[in-house]
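# Commentary on secondary and tertiary structure
Residues per chain, in single letters:
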Amino acid sequence: MDERANSFFQDDNVYLRSNDYFLRADGLTMHFPAKTDRFGRPVSWIHAADGVSFQVPKGKTMGVVGESGCGKSTVGKMLMNLYRPTSGRIYYDGRDITGLSARERRPYQQKMQLVWQDPYSSLDPRMHVGDIIGEGLRNFGLTSTREEYRERVFELMRKCGLFPEEANKFPHQFSGGQRQRICIARALATNPEFIVLDEAVSALDVSIQAQIVNLLKDRQQESSLTYLFISHDLNIVRYISDEVIVMYLGQIVERGTMETVFQTRAHPYTQALFSATPVFPPVPGGKKERILLEGDVLSPVDPPVGCRFAGRCPYATEQCRKEEPLWSRVEENHYVKCRLYP
Ligand SMILES: Nc1ncnc2c1ncn2[C@@H]1O[C@H](COP(=O)(O)OP(=O)(O)OP(=O)(O)O)[C@@H](O)[C@H]1O
Ligand SMILES: [Mg+2]
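First, a word on scope: everything that follows refers to the structure included in this document.

So, how was this worked out
- Residues numbered from 1 in each chain as written.
- Chains lettered and ligands numbered in written order.
- Predicted model: local features only at pLDDT ≥ 70, side-chain atom pairs only at ≥ 80, totals over all residues.
- Heavy atoms only, no water.
- Helix = DSSP H or I, 4+ residues; strand = E, 2+ residues; numbered from the N terminus.
- Buried < 20%, exposed > 50% of the residue type's maximum accessible area, 1.4 Å probe, protein only.
- Contact = heavy atoms within 4.5 Å.
- Near = heavy atom within 4 Å.
- Polar contact = N/O pair within 3.5 Å; in protein donor to acceptor, adjacent residues only side chain to side chain.
- Areas by Shrake-Rupley, 256 points an atom, 1.4 Å probe, with all protein chains shown as cover.
- Nonpolar A, V, L, I, M, F, W, Y, C, P; charged D, E, K, R; others polar.
- Pairing = 2+ DSSP bridges.
- Axes fitted to C-alpha atoms, helices over the stretch in contact; angles between N-to-C directions.
- Phe/Tyr/Trp six-rings, centres within 6.5 Å; stacked < 30°, edge-to-face > 60°.
- Lys NZ or Arg CZ within 6 Å of the ring centre and 35° of its normal.

### Observations regarding the overall build of the chain
Counting secondary structure elements, the chain contains twelve helices and twelve strands. A buried classification covers 52% of the 342 residues belonging to the chain. Across the chain, the fraction of contacts at a sequence separation of at least 24, relative to all contacts at a separation of at least 6, is 65%.

Structure (structure tokens):
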């Protein structure tokens, strides 16, 4: 396992040479025990993430796409310190923040926030929304007087398209879209620099999704926020992201600037993923033929050697099944992990 992770490192460093990043993941790996023997020792592992490396420049958005179970949330949770990586490192603004103690981590907790998929379960139903939004202000002692606190909560509400008069209402008195606005206001309260948005608009109607994404974009421009935007909705990812990584079974298989990946779709898996979703507006000159995903999604438990997509790939050769592919450069700022590319 370690050898593979190391070789990943070296390949990736070719691409990740630039120092122009704010957040950087270096070979992030997360293995969960799948089965244990009668002494409780693991005998097989779920490879939720395997050698995931990427970097996000300040003020930019990195999109993360891939089928359900490919490890998107696991990567987000490792960055947010909710999972301790099996191996790999996380750098934040030039500092290694992997495995810090709770106390050492505290300043970063203020600067790094997470907005979840589900605005229904992540809001305490017994609290007034004003107090929910102000939670971070209280936790980190960011306001000194009651008046200042109230004013800051009202300002956050206005910025997120909520009415300050409604600060004394409870979450159930709001619509789904408004609840997601509350979650975003709560995340913004601590003046974060980096936000992981994990399926943050997926549960909402299309028209509401657009409003929330625009809200995120506005707040980003205002304070140079850096986002990791996890979603299975390619259209939304395209709209908000500057760069994108495509994940398959715990690994990144393609990455690059949003438009180059969208136009070229180099990896057979990316092609399949895109042909499963109608993309609007249609991509001019994009690949016309449809690749349909054959075979079942492989299990992330002890995945096979070689390319993980080989079992479902129409172009797979014997070599693909035997050896893990290396990274190839498709064009400027666009890389793919596939043998089809020299
Ligand atoms: N705490 C955990 N314990 C054991 N297995 C886990 C745990 N968290 C995630 N997994 C497994 O790791 C794999 C990746 O899960 P993850 O939630 O990261 O996928 P995802 O890409 O976010 O999927 P989705 O699009 O459905 O949200 C899955 O096989 C999942 O079952
Ligand atoms: Mg997820």
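### Considerations on the site of ligand 1
Taken together, 13 residues form the shell around ligand 1, and within it S68, G69, K72, S73 and T74 come nearest. A distance of 2.8 Å separates an oxygen atom of ligand 1 from a polar atom in the side chain of K72. In the environment of ligand 1, a nitrogen atom lies 3.1 Å from a nitrogen or oxygen atom belonging to the side chain of Y83. Summarising the interface, the protein chains cover 66% of the accessible area of ligand 1, which totals 630 Å² for the free molecule. Of all the secondary-structure elements, those providing two or more residues to the shell around ligand 1 are strand 2 (42-56) and helix 2 (72-79). Of all the elements, helix 2 adds the most residues to the shell around ligand 1, at three residues. Its residues assigned to classes, the shell around ligand 1 comprises six nonpolar, five polar and two charged.

### Side note on the sheet that holds strand 6 (residues 112-115)
Taking strand neighbours across the sheet as the criterion, the eight strands line up as 6-7-8-3-9-10-12-11 in an open arrangement whose pairing is mixed. Each having just a single partner strand, strand 6 and strand 11 (327-331) make up the two edges of the open sheet. Geometrically, the sheet is characterised by an average inter-axis angle of 20° between neighbouring strands, direction not taken into account. Inspection of the sheet shows strand 3 (residues 61-65) paired to strand 8 (residues 226-230) by four bridges, in the parallel sense. Within the sheet, the bridge partner assigned to T61 lies in strand 8 and is Y227. Across the sheet, helix 2 touches strand 3, strand 6, strand 7 (194-198), strand 8 and strand 9 (243-248), and the angle it forms with strand 8 is around 150°. Running over the sheet, helix 8 (residues 206-223) touches strand 3, strand 7 and strand 8 and is turned about 155° from strand 8.

### Here we look at the sheet that holds strand 4 (residues 87-92)
As summarised here, the arrangement of the four strands in space is 2-1-4-5, forming an open sheet in which the pairing is antiparallel. Two strands lie at the open edges of the sheet, namely strand 2 and strand 5 (95-96), each paired on one side alone. Summarising the sheet, strand 1 (residues 23-36) and strand 4 pair through five bridges and their orientation is antiparallel. When the sheet's bridge partners are listed, D26 is paired in strand 4 with R89.

### Quick word on the packing of aromatic side chains
Applying the stated criterion across every chain yields a total of seven aromatic pairs. Each ring, one from Y92 and one from Y108, has its centre 5.5 Å from the other, and the planes form 85°; the classification is edge-to-face. Placement of Y92 in strand 4 and of Y108 in helix 3 (residues 102-111) is noted, with a sequence separation of 16 residues between them. Like Y108, Y92 is buried. Members of the aromatic cluster, each reached through a chain of ring pairs, are F22, Y92 and Y108. Over the face of the ring belonging to F22 we find K58, whose NZ or CZ atom lies 4.3 Å from the ring centre. Over the face of the ring belonging to F174 we find K169, whose NZ or CZ atom lies 6.0 Å from the ring centre.

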